[in-house]
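# Observations on the three-dimensional arrangement
Listed below are the residues making up each chain.
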Amino acid sequence: MSRMPAPATAMLLAAGRGERMRPLTDHTPKPLLPVGGKSLIVWHIERLAAAGIHELVINHAHLGQQIEQALGDGARWGLRIRYSREGEGKALETGGGIRRALPLLGAKPFLVLNADIWSDLDPAGLRLADGDLAHLVMVDNPAHHPLGDFCIDEGVVHYRPEDAAGYTYAGVGVFSPGFFADVGPGKLALRPLLDAAI
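In this report, we go over the structure that sits alongside the text. A quick note: this is a predicted structure, and the numbers were derived from the prediction, not measured. (Residues numbered from 1 in each chain as written. Predicted model: local features only at pLDDT ≥ 70, side-chain atom pairs only at ≥ 80, totals over all residues. Heavy atoms only, no water.)

## Considering the overall build of the chain
- What the chain contains, in helices and strands, is four helices and ten strands.
- When the helices and strands of the chain are read in sequence order from the N terminus, they spell out β-β-β-α-β-α-β-α-β-β-β-β-β-α.
- Expected size for 198 residues packed as a compact globule is a radius of gyration near 16 Å; at 16 Å, the chain falls within 12% of this value.
- In terms of principal-axis extent, the alpha carbons of the chain reach across some 45 × 35 × 35 Å.
- Classification of the 198 residues of the chain by burial places 43% in the buried group.
- Restricting the contact set of the chain to residue pairs at least 6 apart, pairs at least 24 apart contribute 70%.
- In the form shown here, the chain has an accessible surface area of approximately 10200 Å², with 54% of it arising from carbon and sulfur atoms.
- Here the chain holds 19 positive side-chain charges and 22 negative ones, and the gap between their average locations is 8 Å. (Helix = DSSP H or I, 4+ residues; strand = E, 2+ residues; numbered from the N terminus. Rg over C-alpha atoms; globule rule 2.2 N^0.38 Å. Buried < 20%, exposed > 50% of the residue type's maximum accessible area, 1.4 Å probe, protein only. Contact = heavy atoms within 4.5 Å. Areas by Shrake-Rupley, 256 points an atom, 1.4 Å probe, with all protein chains shown as cover. Lys, Arg positive; Asp, Glu negative; His and termini not counted. Charge placed at Lys NZ, Arg CZ, Asp CG, Glu CD.)

In structure tokens form, the structure reads like this:
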């Protein structure tokens, strides 16, 4: 099966409240928390720019104005940042947030990353195979999620049987806009969309 070109556009999901990081996130959006001398989201932006991705969409809700003030238009990294503003206290969850940002993301497959994680994955290597709607990055299960989310069989994601351990979705993936074609506006988690696609 042939593979499509690497995405030229990425979306960083930055709208979450960061409840588990309180009280740090009471006054600072979780993606702006510093790790190793720079914020989590800046690590992503630098890696995306180095991979040749020059169009970036960031959604935000909780303290979102701080994200815009900290990152600006992206010129300092040689890319363009546009913002999908969901409104304070009105986060749409992952599925709803991506659906709302589709007009900014364009008609070609795009990379999606949770902005509040750290990853050393090279985004230049992620792409869809022709005909696929999504490519998910899986990782070994962390201690707090020992059974994982899904199983993989010959490179295809499947439901995880109740009696078997699978892998955990890393919060990194490539999506075709068509994956969200039947999604209406409003709040929606990503998991029901993934389950329906499986």
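The discussion continues.
## A word on the pattern of salt bridges
- Tallying each qualifying case throughout the model produces six salt bridges.
- With a shortest N-O distance of 2.9 Å, Glu55 and Arg80 are connected by a salt bridge. Of the two residues, Glu55 sits in strand S4 (residues 55–60) while Arg80 sits in strand S5 (residues 80–85), which places them 25 residues apart along the sequence.
- Residue Glu55 is classed as partly exposed on the basis of its relative accessible area of 24%.
- What makes Arg80 partly exposed here is its relative accessible area of 40%.
- A cluster of three or more residues bridged by salt bridges with shared partners is formed by Glu55, Arg80 and Arg82. (Salt bridge = Lys/Arg side-chain N within 4 Å of Asp/Glu carboxyl O.)

## Examining the environment of Ala107
- Its place among the elements puts Ala107 in the loop between helix H3 (93–105) and strand S6 (110–114).
- Residues Ala107 and Gly178, spaced 71 residues apart in sequence, show a C-alpha to C-alpha distance of 8.7 Å.

## Observations regarding helix H1 (residues 40–50)
- Where H1 is concerned, the buried positions are Leu40, Ile41, Val42, His44, Ile45, Leu48 and Ala49.
- Gly52 lies just past H1 and shows a positive phi near 90 degrees.

## Notes on the sheet that holds S5
- Within the open sheet, the six strands sit side by side as S5-S4-S1-S6-S10-S7. Their pairing is mixed. With one partner strand each, in any of the chains shown, S5 and strand S7 (134–139) form the two edges of the open sheet. Strand-to-strand twist of the sheet, defined as the mean angle between neighbouring strand axes without regard to direction, takes the value 25 degrees.
- Where H1 meets the sheet, it contacts strand S1 (9–14), S4, S5 and S6, and its direction lies at approximately 175 degrees from that of S1. (Pairing = 2+ DSSP bridges. Axes fitted to C-alpha atoms, helices over the stretch in contact; angles between N-to-C directions.)

## Description of the side chain of Ser119
- Following the sequence through the fold, Ser119 ends up in the loop between S6 and S7.
- Take Ser119: its relative accessible area is 19%, and that puts it in the buried class.
- Side-chain polar atoms of Ser119 contact the backbone nitrogen of Leu121, separated by 3.1 Å. (Polar contact = N/O pair within 3.5 Å; in protein donor to acceptor, adjacent residues only side chain to side chain.)

## Brief notes about the pairing of S5
- Two strands pair when backbone bridges link them, and S4 and S5 are joined in this way by six bridges, in the parallel orientation. Counterpart to His60 in the pairing with S5 is Arg85.

## Some thoughts on the pairing of S1
- Counting buried residues in S1 gives six out of six residues, a clear majority hidden from the surface.
- In S1, alternate side chains face the same way, and those of Thr9, Met11 and Leu13 on one face and Ala10, Leu12 and Ala14 on the other are all buried.
- Bridge analysis of S1 against S4 gives six bridges, and the strand direction is parallel. What sits directly across from Thr9, in S4, is Glu55.

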